[in-house]
Amino acid sequence: MASNNANAHFSRDKLFDLSGHVALITGGGSGIGLMATQALVANGAKVYITGRTQEKLAKVVEQYSQGQDSIIPLTCDVGSKEDIAKLVKEIEQRESGSLCILINNAGISTSTVSVESESAEEMKSNLFDTKNATFEEWRESYNTNVASLYFTTAAFLPLLQKSSEKHPGWSGTVINISSISGMIKSSQHHFAYNASKGAAIHLTRMLASEVAGQGLKIRINSIAPGVFPSEMTAGESGGDQKSHIPKEKYAEKVPAARPGKDEDMAQAVLFFAANQYLNGQTVAVDGGYTLAAGL
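Here the structure is a predicted model, which is why all the values come from computation and not from measurement.

What counts and what doesn't
- Residues numbered from 1 in each chain as written.
- Predicted model: local features only at pLDDT ≥ 70, side-chain atom pairs only at ≥ 80, totals over all residues.
- Heavy atoms only, no water.
- Phe/Tyr/Trp six-rings, centres within 6.5 Å; stacked < 30°, edge-to-face > 60°.
- Helix = DSSP H or I, 4+ residues; strand = E, 2+ residues; numbered from the N terminus.
- Buried < 20%, exposed > 50% of the residue type's maximum accessible area, 1.4 Å probe, protein only.
- Right-handed = clockwise from strand over helix to strand, strands pointing away.
- Pairing = 2+ DSSP bridges.
- Contact = heavy atoms within 4.5 Å.
- Polar contact = N/O pair within 3.5 Å; in protein donor to acceptor, adjacent residues only side chain to side chain.
- Core = buried A, V, L, I, M, F, W, Y, C linked by side-chain atoms within 4.5 Å.
- Expected span 1.5 Å × (residues − 1).
- Bend = angle between axes of the 7 residues up to and from the residue.
- Axes fitted to C-alpha atoms, helices over the stretch in contact; angles between N-to-C directions.

(A) Highlighting the packing of aromatic side chains. Tallied over the full model, the rule gives three aromatic pairs. When the ring of Trp 138 is compared with that of Tyr 142, the centres are 6.4 Å apart and the planes differ by 15°; the resulting orientation is stacked. Note that Trp 138 and Tyr 142 are positioned in helix H6 (residues 135–166) at a spacing of four residues, about one turn of the helix. Residue Trp 138 is classed as partly exposed on the basis of its relative accessible area of 36%.

(B) Main features of the pairing of strand E6 (residues 218–225). By the criterion of burial, E6 is predominantly enclosed, with eight of the eight residues buried. Handedness of the β-α-β unit built from strand E5 (residues 172–177), helix H7 (residues 191–213) and E6 comes out right-handed. Of the pairings in the sheet, the one linking E6 to strand E7 (residues 282–285) comprises four bridges and is parallel in character. Counted as the bridge partner of Pro 225 is Val 285 from E7.

(C) Molecular detail of the side chain of Ser 80. Tracing the chain through its elements places Ser 80 in the loop between strand E3 (71–75) and helix H4 (81–94). Residue Ser 80 is classed as buried on the basis of its relative accessible area, which comes to 16%.

(D) Quick look at the pairing of strand E4 (residues 101–104). Neither face of E4 is left uncovered, since the one carrying Ile 101 and Ile 103 and the one carrying Leu 102 and Asn 104 both have all their residues buried. Relative to E4, strand E1 (residues 22–26) runs parallel, the two sharing three bridges. Bridging from a neighbouring strand, Leu 24 pairs with Leu 102 of E4. Note that E4 and E5 share four bridges and pair parallel. The residue bridging Asn 104 from the neighbouring strand is Asn 176, located in E5.

(E) Fine view of the environment of Arg 258. Among the secondary structure elements, Arg 258 is positioned in the loop between helix H8 (231–234) and helix H9 (262–274). Of the residues examined, Arg 258 reaches a relative accessible area of 26% and is grouped as partly exposed. Along the primary structure Arg 258 and Ala 154 are separated by 104 residues, whereas in three dimensions their C-alpha atoms are 36 Å apart. Among all residues touching Arg 258, those that are not within four sequence positions of it are Lys 247, Tyr 250 and Asp 264. Among the polar contacts made by the side chain of Arg 258, one reaches the side chain of Asp 264 at a distance of 2.9 Å.

(F) Up close: the nonpolar core. Within the largest apolar cluster, 34 residues are counted, with the highest numbers of intra-cluster contacts made by Leu 40, Val 47, Ile 101, Ile 103 and Ile 223. Residue assignment for this core shows that the elements contributing at least two residues are E1, helix H2 (31–42), strand E2 (46–51), helix H3 (54–64), E4, E5 and H9. Excluding residues within four positions of it along the chain, Ile 223 makes contact with Ile 175, Asn 176, Ile 177, Ser 178, Ser 179, Met 265, Ala 268, Val 269, Phe 272, Val 283 and Val 285. Core analysis: the next-biggest nonpolar cluster, separate from the first, contains 27 residues, Leu 24, Ile 72, Leu 203 and Leu 207 among them.

(G) Structural detail: H6. Helix length check: H6 (32 residues) gives 45 Å between terminal C-alpha atoms against 46 Å at 1.5 Å per residue, within 8%. Of all the bends in H6, the greatest reaches close to 55° and is centred on Leu 157; the proline Pro 158 follows between one and four positions later.

(H) A look at the sheet that holds E6. Taken together, the seven strands give an open sheet; going across it, the order is E3-E2-E1-E4-E5-E6-E7, and neighbouring strands pair in parallel fashion. Sheet topology places E3 and E7 at the edges, where each strand pairs with a single neighbour. With strand direction ignored, the average angle separating the axes of adjacent strands in the sheet is 20°. Summarising the sheet, E1 and E2 pair through five bridges and their orientation is parallel. Across the sheet, residue Ala 23 finds its bridge partner in E2, namely Val 47. The sheet contacts of H9 involve E4, E5, E6 and E7, and relative to E6 the element is tilted by about 160°.

Structure follows, in structure tokens:
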């Protein structure tokens, strides 16, 4: 195929080249966090991954690194302001006060409740009386799925702004991993989780607005995944830290007739990281699930 230098800057190698950029991914040891890690490191970024289990993070480094210090594991509980503050100091010291990409991926699911009822009394029993419905579960869900996004983003703002000043034409970027569960009208049998993801989507918009309003060159967006293989959806991961969902399980629920693939998420992550004109947005990467659900 003939080449034309006038088109060279539109090549995939130029559009998604993250060489010299530093990223941090919370919950980077498996699932969507690992997909994001692979996508960024494969395109030149240096990636820090966090989680609460050192062994899981170490496996990622062992299996997916592209050279020494291409993936660096740091244990951290993003449900703790103290841990987040320590994490900021660690990155600040290692990277001369700069961070280019922050992906807030850590999240938890919640137990389910039944909504199918033949009377108000039965529905009340299902939603209120059941052992599965507790204030503590709601607090835990919001603490991890909403508050940790807020506090982690806020804590890293100076480092993200520094990256915008350090790299001409670049703006520090935050990518929140929310969920289509925060966009659809159905509870999907877990009210607390869906409500927390809806809050995460609105929080993304608020943070993007307030940060831009102060003149900071930092973009804040959200990816709302549909069904992707992770420990949350599949229940476990294998020795490669990957989870697997049978294709036929979602054949009739999703227009794409399958769960999302690692490559689908990787392409989305690269788009959000590289596109300098995207800010305050949430994009559903769901194979058409929200179309079928009718929002």
